[in-house]
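# Descriptive analysis of the structure
Here is what each chain is made of, one letter per residue.
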Amino acid sequence: MTSKKVVTKKSMIFRIVFITVLIVSGALLNQFNVGTNELFGYSTVGNYLIFIGFVMVLVTTITYFTKREKIIDERMEMLRNKTMTLTFTVFIFAAFALIIWDGIWPITMRYSIFISYAVCTMLLFYGIAYKVLERRY
Amino acid sequence: MKTKIREFRKEQKITQEELAAIVDVTRQTINSLEQGKYNPSLELAYKITKALNKDKIEDVFIMD
């Protein structure tokens, strides 16, 4: 099946709602002194959420003004599915390997830092795997 | 799967981009099809056959 997609009004509304939730929850956490521990170099969790909210405002604004018609065809969908399956499989094996690793040399890293590394690695792996598969198909 | 897309496209004097625009896919997909790397769905094969003014899908796509 072939298809065409654009940056839709629906996805833009979803982004705006998400940004609002981030900023409002950040402000509320600060207001009620919840999450006053340092997080990623920010003095409070609220400040961190507000920062992420403003970064998303910037990204969404740039996306909105540079939007162009984007074609997603069946080959791209096939590549996306294959990449997702590969990433998921690698994630499962990596998670298992980490469980064993933790049993031998306990991981002392903070959970927030650890999961950030994990997510970044997965995104990087996804991008590389997509490009590699794109050359094959 | 082998294809005669490039041959028929040259006959019709249309570029990969033009053919891609007609059948609603990316130029990379047409390139991939021409190189025999990707096997299209029946719908896409049908659209390409029509775009190249051929009657049968078998005229354009040949099973190995």
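Chains are numbered independently. Their residues run from 1 in the order of the written sequence. Labels are handed out in written order, letters beginning with A for the chains and numbers beginning with 1 for the ligands. Local features in a predicted model are, by the rule used here, given only for residues with pLDDT of at least 70; side-chain atom pairs are given and counted only at 80 or more, and totals for whole chains, interfaces and linings are based on all residues.

Attention now goes to the overall build of chain B. Secondary structure elements follow DSSP: runs of H or I of four or more residues count as helices, runs of E of two or more count as strands, with numbering from the N terminus. The secondary structure content of chain B amounts to five helices and two strands. Of the regular secondary structure in chain B, the N- to C-terminal order runs β-α-α-α-α-α-β. The reference for a compact globule is 2.2 Å times residues^0.38; the radius of gyration itself is calculated from the C-alpha atoms. For chain B, the C-alpha radius of gyration of 10 Å lies close to 11 Å, the compact-globule estimate for 64 residues. By its C-alpha atoms, chain B is 25 × 20 × 20 Å across when sized along the principal axes. Field definition: a residue is buried when 20 or more other C-beta atoms are found within 10 Å of its C-beta, exposed when 12 or fewer are, and partly exposed for counts in between, with C-beta atoms placed from the backbone. Within chain B, the fraction of its 64 residues that count as buried is 28%. Here, residues touch in the contact sense if the C-beta positions derived from the backbone fall within 7 Å of one another. Sequence-distant contacts, at least 24 apart, represent 56% of the contacts inside chain B between residues at least 6 apart.

What follows is about the UniProt feature "domain: HTH cro/C1-type" (unreviewed entry) in chain B. UniProt positions are given in the numbering used here, feature names are shortened, and annotations may be inferred rather than shown by experiment. Under the present numbering, the feature "domain: HTH cro/C1-type" (unreviewed entry) in UniProt falls on residues 5-60 of chain B. For residues 5-60 of chain B, the helix share is 68%, the strand share is 0%, and the end-to-end C-alpha distance is 6 Å.

Before going further, it helps to examine the interface of chain B and chain A. In this complex, chain B contributes 11 residues to the contact, which on the side of chain A involves 10 residues. When contributions to the side of chain B that touches chain A are tallied by element, the ones reaching two or more residues are helix 3 (27-34) and helix 4 (42-51) of chain B. A breakdown of the residues in the side of chain B that touches chain A according to their chemical character gives four nonpolar, four polar and three charged. Note on residue classes: Ala, Val, Leu, Ile, Met, Phe, Trp, Tyr, Cys and Pro are nonpolar, Asp, Glu, Lys and Arg are charged, and everything else, Gly too, is polar.

With that settled, consider helix 4 of chain B. Within helix 4 of chain B, the full set of buried residues consists of Leu-44, Ile-48, Thr-49 and Ala-51 of chain B. Buried residues along helix 4 of chain B cover an arc of 165° about the axis, so they all sit on one side. In helix 4 of chain B, the exposed residues that point more than 90 degrees away from the buried face are Leu-42 and Glu-43 of chain B. The secondary structure elements touched by the buried residues of helix 4 of chain B are helix 3 (74-104) of chain A together with helix 1 (5-12), helix 2 (16-23) and helix 5 (57-60) of chain B. The arc in question is the one traced by the directions running from the helix axis out to the C-beta atoms.

Moving on, we get to the domain arrangement of chain A. Where each domain starts and ends comes from a domain assignment, either automatic or drawn from a database. By the assigned domains, chain A splits into domain 1 (1-72) and domain 2 (74-137). Computed over C-alpha atoms only, the centres of domain 1 of chain A and domain 2 of chain A are separated by 23 Å.

This part takes up the nonpolar core. Under the definition applied here, buried Ala, Val, Leu, Ile, Met, Phe, Trp, Tyr and Cys residues are grouped into a nonpolar core through C-beta atoms within 7 Å. Val-23, Ile-30 and Ile-48 of chain B are the most contacted members of the largest nonpolar core, which totals 13 residues. Core analysis: the next-biggest nonpolar cluster, separate from the first, contains five residues, Leu-22, Val-45, Tyr-48 and Ile-50 of chain A among them.

For the rest of this paragraph, the subject is the environment of Met-84 of chain A. All names here are of chain A. As for its placement among the helices and strands, Met-84 is situated in helix 3. Judged by C-beta crowding, with 13 C-beta atoms within 10 Å, Met-84 ranks as partly exposed. Residues Met-84 and Tyr-130, spaced 46 residues apart in sequence, show a C-alpha to C-alpha distance of 8.9 Å.

Residues and elements named next belong to chain A. Note on placement: Phe-114 falls in helix 4 (residues 111-136). On the neighbour-count criterion, Phe-114 (13 C-beta atoms within 10 Å) is partly exposed. The spacing of Phe-114 and Gly-35 is 79 residues in sequence and 19 Å in space, taken between C-alpha atoms.

The next subject is the environment of Phe-18 of chain A. Mapped onto the fold, Phe-18 of chain A is located in helix 1 (residues 9-31). With 35 residues separating them in the primary sequence, Phe-18 of chain A and Gly-53 of chain A have C-alpha atoms 8.3 Å apart.

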